[in-house]
Amino acid sequence: MPRLPLTPVLRRTRAVPGLVWLILVLHVAVVLWQTAMFPNFRSPDERQHVDLIVAVERGAAWPWPDPGTLAVTEGSGAGGFTKSNRIDGPLRLADHPLPSRGDRPSYVSHGGNTRDPDQPANQLIQHPPLYYVAGGAALALVPGWDKIPFDLTYLVLRWWNVLFAALLPLILWAVARRLRLPEPIPVVAALVPLAIPELTHTESAVNNDNLLVLLFAVLTFLVVRVLTGDTTRRTALAIGAVGSLALLTKGFALLVPIWVVVAYATVAIRRRSPRVLLTLGVALLATLPGLAWWVRNRIVYGSVQPHGRFTEVPTLTATHSFGDGGLTWLARLLERMNTLFFVHDQTGDRLHHWPWKLAILAALVVAAGIVLTLVLGAVPRTTALVLLVPVVGLLAIVAKGSYEQWAATQTYAGMQGRYLYGGLVGLAVVAVAAASRLPDRWRRATPLAVLLGAVVMQAVYFGYTLDLFWTPADGNRLAAFRAIFDWYAMPPVVLALVVLVAVAALVWLLVAMVRLAFRAPLVPAVAGPSLSLPTQKAAPAVESEDRVQI
């Protein structure tokens, strides 16, 4: 049986350094903590995502409903204790009366399948069904999910989403290793998700972005294999299969075939060999099952992506030109995409508070890293540009939709930074690659610097979120912290264990990275789970892109 391209990642776990495993543990613990820190419904469209999963499990959304025909049920409102749209200010949940866990309503007791008259049709029908079918299957494994307190059912679905996030640091590390970035730069790449608090928040929520981000991450690894010489049919088949799954998850994956063509064309030009394009044909053929969904939409509904909330796609007629305020729209788009990439703005007030300032600083660091990587050739420039295709393409898709809405209605819509997370792996690896040109002593300190930066980002984000949702009117943050544990759907000991694991992993990482920065010599990846760092010469940057293996 032929080896699949992902086999090196899945089988050769002994090649993964202990630091990366610790980062993975810390990442999962932070995400699990955020399943408690964010009240249910406080993530974008979270109630609608849950309601659609429930509809699939109980058979109301299969076959897949037509746009504008699926009602949101009253039962799905049982899991939340806040409203799901924007809030006007702090919620002060610590001051609210607290029902005991056993007395909280279930799906059935809260109205069950009865249509919620206060909610419009579920617009998420506009998406393909893969995420929701998988969620329905996961929900079916929970005995009596509709009769237990629904906030517990909600938490189970959030934990299910955490599974999609778990391997992201490992994939980042594997991509950096495949590109032969010298140690400890692959470890720096693995740390990046921790430095983006809004990413860990999204990973903790019920959201189809989580499956898409995982599939894009795996696809990035496979594309890097192609760019570094692997043009075998099995890799092309894997690219097509993963791309097809992404196409069955969300419309942003329509970028995938273009990205794959650019990657293979880049290799064909390098090698001056048109035969590479035959392998590209294999990859594209394997994406056809996913593309079929969008072709079907065009045939049945007259649009590649229907609106979801309406039976017919509303017509957007431009009534304003770019000269009527387009620069203001563009400035707002860039600011919102950056802010909401790193942090959240639950009130929509666009405050220039500390989370906003840190988001600006983080963007400047990322931009500087990308520019330096391209200028210094830390990875081959064509490889870097191909890795940046997803984030640039996703931004272009968002900008197009947002501009059309603005030109027709003068409203600012669709400006969500999380829409760029599909390009996160390529963006992160290109940005951190610049550090490979630092002197050895400085390079050894980069993991510690990034980890400390992540701690600051998460701490400021936590403080802001705590005050926004939980802190009582008297400002007692201890009461706010206690309220999180009291509202949590599981017994407090479960959440306490998550916090202890996070603290232990963080302390262990800090100690190991201080040793690496100030005492240990520079080395490549550590074999096995040990954190000891034997002396070895750093691996060189990629020179021949056709013969690099891991």
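Before reading on, note that the structure itself is shown above.
The structure displayed is predicted, hence computed values, not measured ones. (Residues numbered from 1 in each chain as written. Predicted model: local features only at pLDDT ≥ 70, side-chain atom pairs only at ≥ 80, totals over all residues. Heavy atoms only, no water.)

Digging into the overall build of the protein chain
- A tally of helices and strands in the protein chain yields 20 helices and 0 strands.
- In terms of overall dimensions, the protein chain is globule-like: its C-alpha atoms have a radius of gyration of 24 Å, near the 24 Å expected for 550 residues.
- Each principal axis of the C-alpha distribution contributes one length, and for the protein chain these read about 65 × 55 × 55 Å.
- On the protein chain, roughly 23,000 Å² of surface is accessible, and the fraction owed to carbon and sulfur atoms is 65%. (Helix = DSSP H or I, 4+ residues; strand = E, 2+ residues; numbered from the N terminus. Rg over C-alpha atoms; globule rule 2.2 N^0.38 Å. Areas by Shrake-Rupley, 256 points an atom, 1.4 Å probe, with all protein chains shown as cover.)

Side note on the nonpolar core
- Tyr264, Trp470 and Met513 are the most contacted members of the largest nonpolar core, which has 165 residues in total.
- Looking at this core element by element, the count peaks at 14 residues for helix α9 (residues 209–227).
- The residues contacting Tyr264, other than those within four sequence positions of it, are Val226, Thr235, Ala236, Ile239, Val276, Thr279, Leu280 and Ala283. (Core = buried A, V, L, I, M, F, W, Y, C linked by side-chain atoms within 4.5 Å. Buried < 20%, exposed > 50% of the residue type's maximum accessible area, 1.4 Å probe, protein only. Contact = heavy atoms within 4.5 Å.)

Digging into a nonpolar patch on the surface
- Together, Phe322, Leu327, Leu330 and Leu334 make up an exposed nonpolar region whose accessible area comes to about 370 Å².
- Its location among the elements puts Phe322 in the loop between α13 (288–301) and α14 (326–342).
- Of the residues examined, Phe322 reaches a relative accessible area of 37% and is grouped as partly exposed. (Patch = residues over 30% accessible without salt bridge, like charges linked within 9 Å, V, L, I, M, F, W, Y side chains within 5 Å. Salt bridge = Lys/Arg side-chain N within 4 Å of Asp/Glu carboxyl O.)

With respect to helix α3 (residues 46–57)
- Over its 12 residues, α3 runs 17 Å from end to end, which matches the ideal 16 Å to within 8%, given 1.5 Å per residue.
- Of all 12 residues in α3, 11 are buried, a share of seventy percent or more.
- Here α3 has its buried residues at Glu46, Arg47, Gln48, His49, Val50, Asp51, Leu52, Ile53, Val54, Ala55 and Val56.
- On its buried face, α3 is in contact with α4 (130–140) and α5 (150–165). (Expected span 1.5 Å × (residues − 1).)

A word on helix α20 (residues 492–518)
- With 27 residues, α20 should reach 39 Å at 1.5 Å per residue; the first-to-last C-alpha distance of 39 Å fits that figure.
- The inward-facing, buried residues of α20 abut α2 (18–37), α7 (185–191), α18 (440–469) and α19 (477–487).

A closer look at the side chain of Asn161
- Tracing the backbone through its elements, the reader meets Asn161 in helix α5.
- For Asn161, a relative accessible area of 0% translates into the label buried.
- Beyond its immediate stretch of four places on either side in the chain, Asn161 contacts Tyr131, Glu203, Ala205, Val206, Asn207 and Asn210.

Description of the packing of helix α15 (residues 354–376) against α18
- Closest axis-to-axis distance for the α15/α18 pair is 9 Å, and the angle between their directions is 155°. When the axis of α15 is compared with that of α18, the two are roughly antiparallel. For the crossing formed where α15 meets α18, the hand is left-handed. On α18, the residues that touch Trp354, Pro355 and Leu358 of α15 are Val456, Met457, Val460 and Tyr464.
- Taken together, the residues that form the contact of α15 with α18 break down as 7 nonpolar, no polar and no charged. (Axes fitted to C-alpha atoms, helices over the stretch in contact; angles between N-to-C directions. Parallel < 35°, antiparallel > 145°, perpendicular 65-115°, else oblique. Left-handed = near helix turned anticlockwise from the far one by under 90°. Nonpolar A, V, L, I, M, F, W, Y, C, P; charged D, E, K, R; others polar.)

Considering the packing of aromatic side chains
- Under the definition given, this model contains 25 aromatic pairs.
- Ring centres of Tyr131 and Tyr132 lie 5.1 Å apart, and the angle between their planes is 90°; this geometry places the pair in the edge-to-face category. Comparing Tyr131 with Tyr132, the two get one shared label, buried.
- When the ring of Phe322 is compared with that of Tyr403, the centres are 6.2 Å apart and the planes differ by 40°; the resulting orientation is tilted. (Phe/Tyr/Trp six-rings, centres within 6.5 Å; stacked < 30°, edge-to-face > 60°.)

Quick look at the environment of Lys357
- By secondary structure assignment, the location of Lys357 is in helix α15.
- Sequence separation between Lys357 and Thr339 is 18 residues, and the spatial gap between their C-alpha atoms is 8.8 Å.

Brief notes about the pattern of salt bridges
- Summed over the entire model, instances satisfying the criterion amount to 14 salt bridges.
- A salt bridge links Asp116 to Arg47; the nearest nitrogen and oxygen atoms lie 3.0 Å apart. Taken together, the residues Asp116 in the loop between α3 and α4 and Arg47 in helix α3 connect sequence positions 69 residues apart. We note that Asp116, like Arg47, is buried.
- Two residues, Lys147 and Asp146, come together in a salt bridge whose shortest N-O distance is 3.6 Å.
- Judged by relative accessible area, which is 61%, Lys147 ranks as exposed.

A closer look at the environment of Ile53
- With respect to the helices and strands, the residue Ile53 is situated in helix α3.
- What makes Ile53 buried here is its relative accessible area of 0%.
- Sequence spacing of Ile53 and Leu157 is 104 residues, and the spatial spacing of their C-alpha atoms is 9.2 Å.

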